[in-house]
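Descriptive structure summary
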Amino acid sequence: MIIPFVLFAAFYLFAINSMTNTLCIQKEISEEKQPKVFRTINVLIMILLTSSFVRIFYT
């Protein structure tokens, strides 16, 4: 059950990063600010995925 969740998480993170890249292009976010945007979104998504993992497998 863990392997499908890890595959789902990897796909989900890839999809979110693709959407973040599209957002940066559309809103013309400067090159200096883009790493902060990606880092923030990736950290928030990892928190979401980790809490989902804990809730599914340990509750």
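Everything here concerns the structure above.
Residues numbered from 1 in each chain as written. Predicted model: local features only at pLDDT ≥ 70, side-chain atom pairs only at ≥ 80, totals over all residues. Heavy atoms only, no water.

1. Concerning helix α1 (residues 2–26)
In a regular helix each residue adds 1.5 Å, so 25 residues correspond to 36 Å; α1 covers 36 Å between its end C-alpha atoms and thus fits that length. Every buried residue of α1 is accounted for by F5, A9, I16, T20 and C24. For α1, the secondary structure elements touched by its buried residues are α2 (34–58). Taken from the residues just after α1, E28 is the one with a positive phi, measuring 55°. (Helix = DSSP H or I, 4+ residues; strand = E, 2+ residues; numbered from the N terminus. Expected span 1.5 Å × (residues − 1). Buried < 20%, exposed > 50% of the residue type's maximum accessible area, 1.4 Å probe, protein only. Contact = heavy atoms within 4.5 Å.)

2. Some thoughts on unusual backbone geometry
For E28, which is not glycine, the phi dihedral falls at a positive 55°. Within the secondary structure, E28 is located in the loop between α1 and α2.

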